[in-house]
Amino acid sequence: MKISTKGRYALRMMVDLAEHQNGEYISLKDIAQRQEVSKKYLEQIVPILNKSGFLKTNRGYQGGYMLSKPPRQYTVGDILRLTEGDLAPVPCAAQDPADCPRSEDCATLPVWRGLNRVINEYLDGITLQDLLDQQRAHYANDYMI
């Protein structure tokens with residue numbers, strides 16, 4: 001399984017919005033600069049996040065984006081599934097019953113289903129708030145004397 005730039009940048013954008021939330025809308029230009037990502041690329045990701053209710057938007061002067069919910073209510077799994085689709089390592093792992101003529105006799109199907117479960121449980125166990133807390137702890141340790 002490989003996460004595309006769309007998924008990685010969407011996650012970075014959501015973390016950035018969580019980190020810089022102050023009750024005001026944040027411009028895409030500012031996010032793009034901080035994350036060193038093309039604004040044009042973020043413009044392709046925003047509709048996906050917006051359509052699913054992950055973001056609040058405001059157009060015009062002082063316009064921009066903010067999270068529609070607190071950071072603890074977004075999981076990494078939710079964000080990646082939204083941008084990447086199913087995170088299953090192989091197509092049959094997420095299907096029940098598996099849509100494969102060999103599924104009844106497939107010795108490897110339990111491996112793929114187990115891996116799929118582990119991937120999803122892991123990513124669903126991490127929230128944006130967890131990432132912020134981890135980052136703050138990292139910076140706090142760097143500046144301790």
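One can find the structure itself at the top, above this paragraph.
Residues numbered from 1 in each chain as written. Predicted model: local features only at pLDDT ≥ 70, side-chain atom pairs only at ≥ 80, totals over all residues. Heavy atoms only, no water.

## So, the packing of helix H1 (residues 5–19) against helix H3 (residues 39–51)
Two quantities define a packed helix pair, namely the angle between the helix axes and the distance between the axes.
So, point 1. Two elements in contact, H1 and H3, have axes whose closest approach is 10 Å; the angle formed by their N-to-C orientations is 75 degrees. The orientation of H1 relative to H3 falls into the category roughly perpendicular. Counted together, Thr 5, Lys 6, Tyr 9, Ala 10, Met 13 and Met 14 of H1 and Tyr 41, Leu 42, Ile 45, Val 46, Ile 48 and Leu 49 of H3 form the full contact between these two elements.
So, point 2. Taken together, the residues that form the contact of H1 with H3 break down as 10 nonpolar, one polar and one charged. (Axes fitted to C-alpha atoms, helices over the stretch in contact; angles between N-to-C directions. Helix = DSSP H or I, 4+ residues; strand = E, 2+ residues; numbered from the N terminus. Parallel < 35°, antiparallel > 145°, perpendicular 65-115°, else oblique. Contact = heavy atoms within 4.5 Å. Nonpolar A, V, L, I, M, F, W, Y, C, P; charged D, E, K, R; others polar.)

## Let's talk about the nonpolar core
So, point 1. Counting 30 residues, the largest nonpolar core has Met 13, Met 14, Leu 55 and Leu 128 as its most contacted members.
So, point 2. Listed by contribution, the elements that provide at least two residues to this core are H1, helix H2 (28–35), H3, strand E2 (64–67), helix H4 (76–84), helix H5 (109–124) and helix H6 (128–142).
So, point 3. The dominant element in this core, judged by the number of residues it contributes, is H1, at seven residues.
So, point 4. With near-sequence residues (within four places) excluded, Met 13 lies in contact with Leu 28, Ile 31, Leu 42, Val 46, Leu 49 and Leu 55. (Core = buried A, V, L, I, M, F, W, Y, C linked by side-chain atoms within 4.5 Å. Buried < 20%, exposed > 50% of the residue type's maximum accessible area, 1.4 Å probe, protein only.)

## Focus on the packing of aromatic side chains
Describing an aromatic ring pair means giving the distance of the ring centres and the angle of the ring planes.
So, point 1. One pass over the structure, following the stated rule, counts two aromatic pairs.
So, point 2. Between Tyr 9 and Tyr 41, the ring centres sit 5.2 Å apart and the planes meet at 80 degrees, which makes this aromatic pair edge-to-face. Highlighted residues: Tyr 9 in helix H1 and Tyr 41 in helix H3, separated in sequence by 32 residues.
So, point 3. On the basis of relative accessibility, which here comes to 25%, the residue Tyr 41 falls in the partly exposed class.
So, point 4. Between Phe 54 and Tyr 74 the ring centres are 5.3 Å apart and the planes differ by 65 degrees, which places this aromatic pair in the edge-to-face class. Taken as a pair, Phe 54 in the loop between H3 and strand E1 (55–58) and Tyr 74 in the loop between E2 and H4 lie far apart in primary sequence, 20 residues in all.
So, point 5. Overall, the relative accessible area of 11% leaves Phe 54 in the buried class.
So, point 6. Here Tyr 74 falls in the buried class, since its relative accessible area comes to 1%. (Phe/Tyr/Trp six-rings, centres within 6.5 Å; stacked < 30°, edge-to-face > 60°.)

## Describing the pattern of salt bridges
So, point 1. Under the definition given, this model contains four salt bridges.
So, point 2. Its salt-bridge partner being Arg 81, residue Asp 78 comes within 3.5 Å of it at the nearest N-O pair. Of this pair, Asp 78 and Arg 81 both sit in helix H4, three residues apart, which is roughly one turn of the helix.
So, point 3. Exposure remark for Asp 78: the relative accessible area of 31% places this residue in the partly exposed category.
So, point 4. For Arg 81, a relative accessible area of 27% translates into the label partly exposed.
So, point 5. The partner of Arg 81 in a salt bridge is Asp 124, with the nearest N and O atoms 2.5 Å apart. Here the residue Arg 81 occupies a position in helix H4, and Asp 124 occupies one in helix H5, the gap between them amounting to 43 residues.
So, point 6. The network of salt bridges with shared partners includes Asp 78, Arg 81 and Asp 124. (Salt bridge = Lys/Arg side-chain N within 4 Å of Asp/Glu carboxyl O.)

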